[in-house]
Amino acid sequence: MAGEMASLAAALAWGFATVWFTLALKKGGKAAEAVFFKNFFGALLLGIVAFFLGSTHGGGAVGSGNLSWLLASGFIGLALGDLFYFTALAHIGVGRTLILTQVTPVATAILAWLFLDETLTTQQWLGAFLVVFGGILSESRQPSRTAGDKLGFLAAIGCIVVFSIGNVLTHHGMTDTGMVTAAAWRLGAGAAGVLLLASLRNKGWEMLKSSIQPHTRKFFLLPSALGTWLGLTLLMGGFKYAKQGVAASLVATTPLISIPLAVIFLKEKPGWRGWVGAFFVLLGVIVMTQ
């Protein structure tokens, strides 16, 4: 049950942070800067926390044979995945991005079934699909069309693919590693990945300088602290103590948080689809955790 509770707490944190990040992007923040900032400083912070916690409390050194898996998972999920995610948020908004990325839990469960021999019960599959269905329904309003629709759509699809792969790789990286240590290494790999991609475009030094500028802190400090530094640690606990598909599905309850927040801060109107979808998300959570 600890893994399920950690996954739900991660969804709560990311539900607030997603809206916060979207507001920052609308005010002029850049996707790559957001990803590097939250990953780099998150890795430093959680690395220090892991050192003082020790191995008995989720910290300590990385376990034998776990590091390569965590680095691969971090690069794929927290460099490529987050770049796709923030690009989608910037071009098609919170609603449509969440519609598409609700497929991630099912994709994760399928990959875990294929490569980890991890079988979900019939009830857990039912709960997973209820969560996904509710998330899709809750955000299925017809938004206004923009010139960036195609790019945003492709970014969201890419996000589904790399998030799912990253989720499954995390399983092999936590067999003997605490959740805080795992989160720190994944964030470090994500930061290094974004910096590498920027360097290939001769913008690596520019990104490093930007990360310590006041405007970057203003845009991204608080949502990074809530959604990434706290949220990712909780997610690692979910993947460590619950099945991969279950953890990913419970994290997909984010629309339950994002709907009222989008109404308040983004002035979105969910309509009947939003509220009925929220009911199905909640029902799916109850079914999965019984």
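These figures come from a predicted structure and were not determined experimentally.

**Q** Kindly report on the overall build of the protein chain, identifying the contributing residues and their values.
**A** When helices and strands are counted, the protein chain shows twelve helices and zero strands. Sequence-ordered secondary structure for the protein chain, helices as α and strands as β, is α-α-α-α-α-α-α-α-α-α-α-α. Dimensions of the protein chain, computed from the C-alpha atoms along their principal axes, are close to 45 × 45 × 30 Å. Here the protein chain holds 290 residues, and the buried ones make up 57% of them.

**Q** For the nonpolar core, give the residues involved together with the corresponding values.
**A** Counting residues in each nonpolar core, the largest one holds 50 residues, and the members touching the most others are F86 and M236. Contributing elements (two or more residues each) for this core: α1 (2-26), α2 (31-53), α3 (67-101), α6 (149-172), α7 (179-200), α9 (214-241), α10 (244-251) and α11 (254-265). The leading source of residues in this core is α3, at nine residues. With residues up to four places along the chain from it excluded, the contact list for M236 reads T170, M174, M179, A182, A183 and R186.

**Q** Now, about α7: what can you tell me, with residues and values included?
**A** Across its 22 residues, α7 extends 32 Å between first and last C-alpha, which sits within 8% of the 32 Å expected from 1.5 Å per residue. Just beyond α7, the residue with positive phi is N202, at close to 60°.

**Q** Would you mind going over the pattern of salt bridges in detail, with residue names and values included?
**A** Pairing is possible between side chains of opposite charge, provided their charged atoms come close. By the definition in use, this model includes one salt bridge. One salt bridge in this structure joins K38 and D82, with 2.4 Å as the shortest N-O distance. With K38 in helix α2 and D82 in helix α3, the pair connects residues that are 44 residues apart, well separated along the chain. Each member of the pair, K38 as well as D82, carries the same accessibility label: buried.

**Q** Could you give an account of the packing of α2 against α3, with specific residues and numbers?
**A** Packing of α2 against α3 brings their axes to within 9 Å, and their N-to-C directions diverge by 135°. When the axes of α2 and α3 are compared, the pair comes out oblique. For the pair α2 and α3, the sense of crossing is right-handed. Residue-level inspection shows A31, A32, A34, V35, K38 and N39 of α2 in contact with α3, the latter providing L78, A79, D82, L83, F86 and T87. Grouping the amino acids of the contact of α2 with α3 by side-chain chemistry returns eight nonpolar, two polar and two charged.

**Q** Residues and numbers for a nonpolar patch on the surface, please.
**A** Among the surface-exposed residues, F153, L154, I157, V161 and I165 lie close enough to one another that they form a single nonpolar patch of about 400 Å² accessible area. Checked against the element boundaries, V161 lands in helix α6.

**Q** Can you tell me about the packing of α2 against α9, naming the residues and giving the values?
**A** Packed helix pairs are characterised by how far apart their axes lie and by the angle those axes make with each other. The contact between α2 and α9 brings their axes to 8 Å, and the two run at 55°. The orientation of α2 relative to α9 falls into the category oblique. As for how α2 packs across α9, the hand of that crossing is right-handed. When α2 is examined against α9, the residues E33, A34, F37, K38, N39, F41, G42, L45 and L46 are found in contact with a partner set consisting of H215, T216, R217, F220, L221, S224, T228, W229 and T233. Taken together, the residues of the contact of α2 with α9 break down into eight nonpolar, seven polar and three charged.

**Q** If you had to explain unusual backbone geometry to someone new, which residues and values would you point to?
**A** The backbone phi angle of N202 is positive, close to 60°, even though this residue is not glycine. Following the sequence through the fold, N202 ends up in the loop between α7 and α8 (204-210). Residue N202 is classed as exposed on the basis of its relative accessible area of 74%.

**Q** Residues and numbers for the side chain of S211, please.
**A** If you trace the backbone, S211 turns up in the loop between α8 and α9. For S211, the contacting residues outside a window of four places in its chain are F36, F37, F41 and T216.

**Q** Any chance you could break down the confidence of the model for the protein chain for me, citing the residues and the numbers?
**A** Across the protein chain, the average pLDDT comes to 85, with 96% of residues at 70 or higher. Of all the helices and strands in the protein chain, α10 carries the lowest mean pLDDT, 75, while α7 carries the highest, 92.

Here is what the cut-offs are and how they apply
Residues numbered from 1 in each chain as written. Predicted model: local features only at pLDDT ≥ 70, side-chain atom pairs only at ≥ 80, totals over all residues. Heavy atoms only, no water. Helix = DSSP H or I, 4+ residues; strand = E, 2+ residues; numbered from the N terminus. Buried < 20%, exposed > 50% of the residue type's maximum accessible area, 1.4 Å probe, protein only. Core = buried A, V, L, I, M, F, W, Y, C linked by side-chain atoms within 4.5 Å. Contact = heavy atoms within 4.5 Å. Expected span 1.5 Å × (residues − 1). Salt bridge = Lys/Arg side-chain N within 4 Å of Asp/Glu carboxyl O. Axes fitted to C-alpha atoms, helices over the stretch in contact; angles between N-to-C directions. Parallel < 35°, antiparallel > 145°, perpendicular 65-115°, else oblique. Left-handed = near helix turned anticlockwise from the far one by under 90°. Nonpolar A, V, L, I, M, F, W, Y, C, P; charged D, E, K, R; others polar. Patch = residues over 30% accessible without salt bridge, like charges linked within 9 Å, V, L, I, M, F, W, Y side chains within 5 Å. Areas by Shrake-Rupley, 256 points an atom, 1.4 Å probe, with all protein chains shown as cover. pLDDT = per-residue confidence, 0-100.

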